[in-house]
Amino acid sequence: MTKEYSLNHTREQISALDNELLALLAKRRDLSLDVARSKEVDIRPIRDTQREKELLTRLVKQGREQGLDAHYVLSLYQSIIEDSVLNQQAYLQGRANPALQKQQYTIAYLGARGSYSYLAATRYCERRQVTMQDLGCKSFDEIVQAVESGHADYGFLPIENTSSGSINEVYDVLQHTSLSIVGETTIEVGHCLLAHPGARLSQIKTVYAHPQPISQCSRFLSHHPELKLEYCSSSAEAMEQVFASNEMTVAAIGSAEGGHSIS
Ligand SMILES: O=C(O)C(=O)C[C@]1(C(=O)O)C=C[C@@H](O)C=C1
């Protein structure tokens, strides 16, 4: 058996298992709708923390017996259960409001289309079958004010990130409002240096960015002391500055998705 054949054969086995896993996940999803139907009849809440605790304890134990790491099993099943809960919520909302299959909310967030907050809010709404009317804001204060004044139904605020920690400005804003946190989501932040097509890193002289991405990219930036930093109120603004400029010497720190949405 050649090395190449052996690798291909193993990959085929992995792909077959992945197909089975997906089919099982889809089956589990369908079963969660049966649970929702029965809860609708019995008038019981979707979330059953006792059941979740028992389920996770059993799965972590069984996983350990099969050599699987407890954190791995836990995070996997937390995602699966979250999907199950969201699916049940969407089903029950659809049943309660048959005419309004998709609810529409105005969501205030930092920056403009393409900012990380916009991407996070979009994904949050998509997962919940909610149509988002987006309201870009210039500051965290403006987001809170938009909700307090009724211009927006919800505000989307970044609380913390794993590389540079808590976002203190947001905690300050939260101390001066009576609004409550009603949901949360996490997104993976992958920064890119976005420039005009054809521009090379060696040509870039000025980088536009929000202070958060600047601190998150401090290692990269410390290797490029020649780059002049221009602070912006959001990643979307940084990308717009570059988009509006004809210079090949400017770049912005932002997401690839954001870059696509702006170009
Ligand atoms: O068993 C239930 O009551 C379910 O709704 C299913 C399920 C799950 O996906 O396993 C989802 C949410 C509950 O909090 C507990 C478990």
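Only a predicted model underlies this, so the values are computations on that prediction, with no experimental measurement involved.

Caption draft 1: Structural view of the overall build of the protein chain. Along its length, the protein chain carries 10 helices and 9 strands. A globule of 263 residues ought to have a C-alpha radius of gyration of about 18 Å, yet the protein chain, at 23 Å, is considerably larger. Along the longest, intermediate and shortest principal axes, the C-alpha atoms of the protein chain span 65 × 60 × 35 Å. Across the 263 residues in the protein chain, those meeting the buried criterion constitute 34%. Sequence separation of at least 24 residues holds for 68% of the intrachain contacts in the protein chain that already meet a minimum separation of 6. Roughly 17,400 Å² of accessible area belongs to the protein chain as shown, and the carbon and sulfur atoms make up 52% of that amount.

Caption draft 2: A look at the site of the ligand. Every residue near the ligand is listed here: Arg28, Val35, Lys39, Ile46, Arg47, Asp48, Arg51, Glu52, Leu55, Ser84, Val85 and Gln88. Contacts to the ligand include Asp48, whose backbone N or O atom sits 2.8 Å from an oxygen atom. Separating an oxygen atom of the ligand from a side-chain N or O atom of Ser84 is a distance of 2.7 Å. When the ligand sits alone it has 350 Å² of accessible area, and the protein chains cover 91% of it. Contributing elements (two or more residues each) for the shell around the ligand: α1 (3-42), α2 (49-65) and α3 (70-96). When the residues that make up the shell around the ligand are grouped by side-chain class, the tally is 4 nonpolar, 2 polar and 6 charged.

Caption draft 3: Representation of the domain arrangement of the protein chain within the structure. Taken domain by domain, the protein chain comprises domain 1 (3-96), domain 2 (103-175) and domain 3 (191-262). Computed over C-alpha atoms only, the centres of domain 2 and domain 3 are separated by 22 Å. Listed as interface residues are 14 residues of domain 2 and, on the opposing side, 17 residues of domain 3. Both faces considered, domain 2 and domain 3 share a buried interface measuring about 1,000 Å² in area, 53% of it formed by carbon and sulfur atoms. Applying the counting rule to domain 2 against domain 3 returns 1 salt bridge. Residue Glu257 is joined to Arg123 by a salt bridge in which the shortest nitrogen-to-oxygen separation is 2.8 Å. At the boundary of domain 2 with domain 3, the tally comes to 5 residue pairs in polar contact (both at pLDDT 80 or more). No other element matches the 3 residues that helix α4 (residues 116-127) contributes to the side of domain 2 that touches domain 3. Classifying every residue of the side of domain 2 that touches domain 3 by side-chain character gives 5 nonpolar, 6 polar and 3 charged.

Definitions and cut-offs
Here, residues in each chain are numbered from 1, in the same order as that chain's written sequence. The model is predicted, so local features are restricted to residues of pLDDT at least 70 and side-chain atom pairs to those at 80 or more, both for listing and for counting; the totals for chains, interfaces and linings are taken over all residues. Side-chain descriptors were evaluated using all non-hydrogen atoms of the structure, hydrogens and water having been removed beforehand. The helix and strand labels rest on DSSP assignments: H or I over at least four residues marks a helix, E over at least two residues marks a strand, and numbering proceeds from the N terminus. With C-alpha atoms as the basis for the radius of gyration, the globule rule is written as 2.2 Å multiplied by the number of residues raised to the power 0.38. Summary of the burial criterion: residues with accessible area below 20% of their type's maximum are buried, those above 50% are exposed, and those between are partly exposed, where the area comes from a 1.4 Å probe applied to protein chains only. Contact criterion: two residues are considered in contact whenever any of their non-hydrogen atoms come within 4.5 Å of each other. Throughout, the Shrake-Rupley method with a 1.4 Å probe supplies accessible areas, and for residues the shown protein chains are the sole cover considered. Nearness here has a simple test: a residue counts as near a molecule or strand if at least one of its heavy atoms is within 4 Å of that partner. Between N or O atoms, a polar contact is any pair within 3.5 Å; within protein, one atom must be a potential hydrogen donor and the other a potential acceptor, and residues adjacent in sequence are included only when both atoms are from side chains. Under the convention adopted here, Pro, Cys and the residues Ala, Val, Leu, Ile, Met, Phe, Trp and Tyr are nonpolar, Asp, Glu, Lys and Arg are charged, and Gly plus all remaining residues are polar. The domain limits used here are those given by an automatic or database domain assignment. Accessible area that two parts lose when put together, evaluated with a 1.4 Å probe and summed over both, is termed the buried area. Any Lys or Arg side-chain nitrogen found within 4 Å of a carboxyl oxygen on Asp or Glu counts as a salt bridge.

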